[in-house]
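Survey of secondary and tertiary structure
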Amino acid sequence: MHIKVPAGLSRKEVEAYSRLDAARLPKHIAIIMDGNGRWAKRRHLPRIAGHRRGVDSVREVITLASNINIPYVTLYAFSVENWKRRPKAEVGFLMALLRRYLKHEMQLFMDNNVRLQYIGRVHELPQEVQERMAWAEKETSTNTGTVMTLALNYGARTELVDAFQSIVKKAISNGGIGHLEIDEDTISEHLYTNKNPDPDLVVRTSGEMRLSNFLLWQLAYAEIYVTQKLWPDFGGVDLLEAIAEFQKRERRYGGLGPGHMVEPGPEEQAVKR
Ligand code: FPP
């Protein structure tokens, strides 16, 4: 069978891509980038060296996702907890890194037709970071390829709190709380992610088996892929391996999946009789 391989892939990525079913790629991949600190520690380097290398992995993964036409990629960059639990100097470094990243990578975003957006309590970030973020979002706003969502000062529980507050606020200005009707769509519409489909695959690096307060509502039916690789060691081929694993899984959404009879079979009929 001849497989059409997209342009721009490395030799190893081409090999890994050829093993995939191109018609069943995930539409939205969410990634918990973990292990920068451990990567640095193993090399007797300061933690910030791991974050710096983490940026190279972001570049590689976004380029690959864009080359193979993954419509949405969401990256967990800073959690709400990160602010409280990390040394001030590290948080300051991460903020400076983000500002620099958005400027330096603009050419890559434009070359790859990537559109940037953010989720999280971004209004709590330093002013100069917010300004750079707004600039980058605007610059890429007419791009039509992969939508890259950066989760910054993000927490799924704070997202739900913000959603419920906004639902109530809207109800008050729309005739009062007595008219409030809430269903799953109402909640989804008030999440930061309301313009994106739910992820169908979530990848976590560095072996931890946790969701760490990431997209808890949206990941309800996502396939979870955990790799031992640390984020700075993760690249395009690793993402393709995660997709291969995703394609091996049978997605059932609470049903029985193919191969199960809906009507009772002859034996069950016999029992009934
Ligand atoms: C997790 O590693 C990583 C982070 C908290 C920050 C993620 C940031 C990057 C990948 C680089 C910057 C990204 C952008 C988009 C500019 P960790 O420090 O928790 O690692 P550890 O668990 O090994 O300590």
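As a starting point, this report considers the structure included with it. Keep in mind that this is a model prediction, so the values were computed, not measured. (Residues numbered from 1 in each chain as written. Predicted model: local features only at pLDDT ≥ 70, side-chain atom pairs only at ≥ 80, totals over all residues.)

Inspection of the region around the ligand gives 17 residues, with Asn36, Gly37, Arg38, Gly54 and Tyr101 positioned closest. Residue assignment for the shell around the ligand shows that the elements contributing at least two residues are helix 2 (36-42), helix 3 (47-67) and helix 5 (88-104). Here the shell around the ligand takes 4 residues from helix 3, the largest share from any one element. Across the shell around the ligand, the residue classes break down as 9 nonpolar, 6 polar and 2 charged. (Near = placed C-beta within 6 Å. Helix = DSSP H or I, 4+ residues; strand = E, 2+ residues; numbered from the N terminus. Nonpolar A, V, L, I, M, F, W, Y, C, P; charged D, E, K, R; others polar.)

The alternating pattern of strand 5 (residues 201-204) places Leu201 and Val203 and Val202 and Arg204 on opposite faces, both of which are buried. Bridge analysis of strand 1 (residues 28-32) against strand 5 gives 4 bridges, and the strand direction is parallel. Across the sheet, residue Ile32 finds its bridge partner in strand 5, namely Arg204. Sheet topology places strand 5 next to strand 6 (residues 223-226); 4 bridges connect them, and they run parallel. Across the sheet, Arg204 pairs through a bridge with Val226, a residue of strand 6. (Buried ≥ 20, exposed ≤ 12 C-beta atoms within 10 Å, placed from the backbone. Pairing = 2+ DSSP bridges.)

In short, shape yes, function no, at least from these values alone.
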